[in-house]
Amino acid sequence: MARLNEQELKQQLKDNELLNAYFIYGEEGYLKEFYVGKLTDMIVDKTFRDFNLHSFNGKKTPLEDILKDADMLPMMSEYNLILVCDYPFDKSASDVDLIKEYLADIPPSTVLLFWYDSVEVDIRKNSKWKNVEAAFSKAGASVNLEKRTEGDLVKLLVSGCKKRGASLSADNARYLISVSGSDIKTLLNETEKLSSYAKGQEITKAVIDKLAVKSLQAKVFDLSKAIVRGDYDKAYSVLGALFEAKEEPVSVLAVISNCFIDMYRVKCAKIAGQSFDDVANYYNYKGREFALRNASRDCASLSVNQLRKSLDVLMLADNNLKSTAANSRLILEETMVKLLLISKEVAYD
């Protein structure tokens, strides 16, 4: 019947238009959980929920067992809902054939809702996923819930604060995203907390700095900024705070590496005469546009050659962290020293 985006799904739900099959996947975890919950509440009468809602962990339940419950008639209700999370269709061609056959003649009183939380669905490169998605879209709907753009998140935050009696400017909403990250669930929690603290007043940058939970990415941005500026004291202070917070060294290094990759992309794009938007679109920075703004600011003092040397250092550190028994803190500290020296154009070999 259809391949839907978020707005189209939202309109269908508003119109109370229900289908017999849904395949929900995509990058945005909060939105998937939200719409699965909305659909469940619309399809299943709470009075007979124990009889008409059948939930399965797709990683642990064979498809044959799931479809047996799908053939059951609903009790005192219009629909029997089969809710399945993370069924690995990419592991079995016979499962793909079985679900396609079932969807071709699905009982009108059954709703199959397959959704994906921790399993990645790749319909472009994997033929099994492609066939399953096509079968669901023909029998009902497939819904790809992608990450929202930074602009969409800004509107969400400004509106959320307004509903809670506080005010948040668009600029400060962007700043909150850069501090707490682009995860919608985290941002909504921060909106609730900041609005309560503001008590009807404006949520300022100072309030965000005081109360907002800082994401690992934001903390490492501070570290990369200090490295680029050659600020030894600040760099060591931030790195020490990361260790005190017991952040995983591999995760810290991964975020540092991403910061330098962002800077390298922006630098190369500028040299090639490409714009900020070109980089954001080509590498899909949807919801993370702030990362490129930070990169554009931070890479100004570094040459392409310095960035290439920095990436070589980071790749070596990644190999050492994952393949040697050396102390991870020493590896990160040595890496930071090398990056600081590169930023100052000081030879260290």
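You'll find the structure just up there.
Residues numbered from 1 in each chain as written. Predicted model: local features only at pLDDT ≥ 70, side-chain atom pairs only at ≥ 80, totals over all residues. Heavy atoms only, no water.

(A) Spotlight on the pairing of strand β2 (residues 21-25). A large share of β2 lies buried, amounting to 5 of its 5 residues. Going residue by residue along β2, you find A21, F23 and Y25 tucked away on one face and Y22 and I24 tucked away on the opposite face as well. Across 4 bridges, the pairing between β2 and strand β5 (residues 110-115) is parallel. Among the inter-strand pairings, Y22 is bridged to a residue of β5, identified as L113. Inspection of the sheet shows β2 paired to strand β6 (residues 141-144) by 4 bridges, in the parallel sense. Counterpart to Y22 in the pairing with β6 is A141. (Buried < 20%, exposed > 50% of the residue type's maximum accessible area, 1.4 Å probe, protein only. Helix = DSSP H or I, 4+ residues; strand = E, 2+ residues; numbered from the N terminus. Pairing = 2+ DSSP bridges.)

(B) Layout of the pairing of β5. The buried fraction of β5 amounts to 6 of the 6 residues, a majority that puts the element mostly inside the structure. Burial along β5 is two-sided: T110, L112 and F114 and V111, L113 and W115, pointing in opposite directions, are all buried. Relative to β5, strand β4 (residues 80-85) is paired through 6 bridges, and the arrangement is parallel. Paired with C85 across the bridge in β5 is W115. With helix α5 (residues 93-104) bridging β4 and its parallel neighbour β5, the resulting β-α-β unit is right-handed. (Right-handed = clockwise from strand over helix to strand, strands pointing away.)

(C) View of the side chain of D262. Position of D262 relative to the elements: it lies in helix α13 (residues 249-271). Under the relative-accessibility criterion, D262 is labelled buried at 4%. Not counting residues up to four positions away in its chain, the partners in contact with D262 are Y285, R288, A291, L292 and A295. (Contact = heavy atoms within 4.5 Å.)

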